[in-house]
Amino acid sequence: MSDNLKRLSDEGVSIWLDDISRERLRTGGLAALVRDSNVVGVTSNPTIFAKALSKGTAYDDQVRDLALRGVDVEEASRAITTYDIRWGCDVLRPVYDRTEGLDGRVSIEVDPRLARETDRTVAEARALWWLVDRPNLFIKIPATPAGLPAITATLAEGISVNVTLIFSLERYGEVIEAFFAGLEQARANGHDLSQIASVASFFVSRVDTEIDKRLDKIGSDEAKGLRSKAGLANARLAYALYEEKFGTDRWKALKDAGARPQRPLWASTGVKDPNLKDTLYVDELVAPGTVNTMPEATLEAEADHGEVRGDTVRGAYDDARAHMAALKAVGVDYDDVVQVLEDEGVEKFEASWTELLGSISGELKSKRAGA
């Protein structure tokens, strides 16, 4: 194991892989990362599945069977994606057992086309939980206005949730409130709170991409000096909010009833700007009780030349607040930035889901024609 990855884990950061594919599972690639690279969890999204299905022949046998059975494209998509997730859960199960349920988790996202429909999101979450049927599963629900009550309702049924597409501090506060409400309802419903887990996926690099574009348009020397720092500042202030919310009497009552905290998860940690260090969003977001989900290229970069130097979050709150104030002073509208990012995030996943369905539909037709 890389010394850098071990140091990262020792600092309380859980290393998760932001990728899954049938090929990675079939060849033992995921198991090797768990064994050799301290990977203790996996996240997926529609873009990852669309990419996986477009490469190689790993899905051919299952698609052929689905075609012979006359399964429609919607159900075929569930069958294909839940197969991979179930397999991933089995690979990570020893980690789940060893960490008493803290890690060893694998996430699958609800159909992103439902991001603005609460009841259908909850229904899909139930269906995916039942289809995968593994205790170390996370159901990913986006933190849209319609997603917030769906998060509460899903947790209330004892289903573990990965809340995704969080960009703003205000929305993150609402996510934590939805988490608390869900656990309170779960307790009232008779569920064992110690068996319910959750993470809150706070996106990082996309914030820099959007804000840097606006700073470049402003064009002043002051604006240019603020580039590529907002993603870290925003995430660090999210951790400050996490510490505040999980220090309340409301949380203490849930903790005393056996609940686990909803851990902050740093998502979108692959660097988009080639001028930035490729391990920036790992090295600069080290704090206890967090998750960092990385694309494989970022994981390899961190293993090779990352610089883990202890907690890089909790001592930086004042600088983070000052940076956000400076952005406002030069004319960057934070509220508009995070709304644009949320809307684009949903749209991108919808587009990837549509691409995935189109690929599956084409494969089903091809197999039926060749039957």
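Residues numbered from 1 in each chain as written. Predicted model: local features only at pLDDT ≥ 70, side-chain atom pairs only at ≥ 80, totals over all residues. Heavy atoms only, no water.

1. Focus on the side chain of T312
Basically, it comes down to this: Strands are runs of DSSP state E lasting at least 2 residues, helices are runs of H or I lasting at least 4, and numbering of each runs from the N terminus. Type-normalised accessible area, obtained with a 1.4 Å probe on protein chains alone, sets the label of each residue: buried when under 20%, exposed when over 50%, and partly exposed for intermediate values. N or O atoms closer than or at 3.5 Å make up a polar contact, with two conditions inside protein: a donor-capable atom paired with an acceptor-capable one, and, for residues adjacent in sequence, both atoms drawn from side chains. Throughout, a contact is declared for two residues whenever any of their heavy atoms are within 4.5 Å.
Structurally, T312 can be placed in the loop between α15 (296-305) and α16 (317-329). Residue classification places T312 among the buried residues on the basis of a relative accessible area of 10%. Within the structure, the side chain of T312 is placed 3.3 Å from the backbone nitrogen of L285, a separation counted as a polar contact. Those residues in contact with T312 that sit more than four places away from it in its chain are R236, D283, E284, L285 and V286.

2. Quick notes on helix α17 (residues 334-370)
Let me state the cut-off plainly: Take the residue count of a helix, subtract one, and multiply by 1.5 Å to get its expected span.
Its 37 residues place the ends of α17 54 Å apart at the C-alpha level, agreeing with the 54 Å of an ideal helix rising 1.5 Å per residue. Two to three positions downstream of the cap, the backbone nitrogen of D335 sits 3.2 Å from a side-chain oxygen, assigning the N-cap of α17 to D333.

3. Observations concerning the pattern of salt bridges
Put simply, the rule is: Whenever Lys or Arg places a side-chain nitrogen within 4 Å of a carboxyl oxygen from Asp or Glu, that contact is recorded as a salt bridge.
Scanning the model with the defined rule gives 38 salt bridges in all. Its salt-bridge partner being E74, residue R113 comes within 3.0 Å of it at the nearest N-O pair. With R113 in the loop between β3 (105-109) and α7 (118-132) and E74 in helix α6 (residues 73-98), the pair connects residues that are 39 residues apart, well separated along the chain. Using a relative accessible area of 32% as the deciding quantity, one classes R113 as partly exposed. Judged by its relative accessible area of 28%, E74 falls in the partly exposed class. Close ionic contact of R314 with D311 constitutes a salt bridge, the shortest N to O distance being 2.5 Å. For R314, a relative accessible area of 40% translates into the label partly exposed. Residues joined by salt bridges that share partners form a network here, namely E177, E184, K245 and R250.

4. Overview of the packing of helix α5 (residues 60-69) against α6
Filter applied, for reference: Fitting a line to C-alpha atoms yields each axis, with helices limited to the stretch in contact; the angle taken between N-to-C directions then spans 0 to 180 degrees. An angle below 35 degrees is read as roughly parallel, one above 145 as roughly antiparallel, one from 65 to 115 as roughly perpendicular, and any other as oblique. In a left-handed crossing the near helix is turned counterclockwise from the far helix by less than a right angle, and in a right-handed crossing that turn is clockwise. Side-chain classes are defined by residue name, with Ala, Val, Leu, Ile, Met, Phe, Trp, Tyr, Cys and Pro counting as nonpolar, Asp, Glu, Lys and Arg as charged, and the others, Gly among them, as polar.
It is the contact of α5 with α6, at a shortest axis distance of 11 Å, that shows an interaxial angle of 150 degrees. As far as their axial angle goes, α6 and α5 are roughly antiparallel. Where α5 crosses over α6, the handedness of that crossing is right-handed. In this structure, α5 uses Q62, V63 and L66 to contact α6, whose residues at the interface are A76, A79, I80 and Y83. Partitioning the contact of α5 with α6 into residue classes produces 6 nonpolar, 1 polar and no charged.

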